[in-house]
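A structural walkthrough
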Amino acid sequence: MLSKDELPFCPVATTVDLIGNKWKLLIMRELLKGTKRFNELHKSIEGISQKVLTENLRKMEEDGIISRKAYAVIPPKVEYSLSELGDSLRPIINSMSDWGTSYIKENLM
């Protein structure tokens, strides 16, 4: 998790820092639907490489946005879900989805 010294002063900049890249938003979109395993996330997010998915999942876990649960089984099983903090971003993601839907209807149809 970022320390207070590392966070931008501006609240919008803080939010952008935590969720403001394409991949993080798409990961969150998938986890809003429920808990997913790595391969489920990889298959559901078109164009993301395994390396980029891993990097973003690690950063989001570090920032407290997602939870990672590893099971002591063979083969290894790991599940990702939104943390309570991550789930608090649901209204933001839903608003972005609503805005995108309106934009598509008004400008591309």
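Above this text you will find the structure in question.
Residues numbered from 1 in each chain as written. Predicted model: local features only at pLDDT ≥ 70, side-chain atom pairs only at ≥ 80, totals over all residues. Heavy atoms only, no water.

Focus: the nonpolar core
Which entries qualify depends on this criterion: Buried Ala, Val, Leu, Ile, Met, Phe, Trp, Tyr and Cys residues that are joined via side-chain atoms within 4.5 Å together make up what is termed a nonpolar core. The buried label applies to any residue whose accessible area, calculated with a 1.4 Å probe on protein chains only, is under 20% of its type's maximum; exposed applies above 50%, and partly exposed to all values in between. Secondary structure elements are taken from DSSP: a helix is a run of H or I of four residues or more, a strand is a run of E of two residues or more, and numbering for both begins at the N terminus. The criterion used for residue contact is that any of the two residues' heavy atoms lie within 4.5 Å.
Counting 21 residues, the largest nonpolar core has Ile27, Met28, Leu31, Leu53, Leu57, Ile66 and Tyr80 as the members making the most contacts within it. Those elements that place two or more of their residues in this core are α1 (11-19), α2 (22-31), α3 (38-44), α4 (50-62) and β3 (77-82). For this core, the leading source of residues is α2, giving four residues. Beyond its immediate chain neighbours, meaning those up to four positions away, Ile66 contacts Leu31, Leu57, Met60, Glu61, Tyr80, Ser81, Leu82 and Ser83.

Notes on α1
What counts is decided by this rule: Taken from the helix axis, the directions to the C-beta atoms give the arc we talk about.
Buried within α1 are the following residues: Thr14, Leu18 and Ile19. Burial along α1 is one-sided: seen end-on, the buried residues are contained in an arc of 105°. At its buried positions, α1 is contacted by α2 and α6 (90-107).

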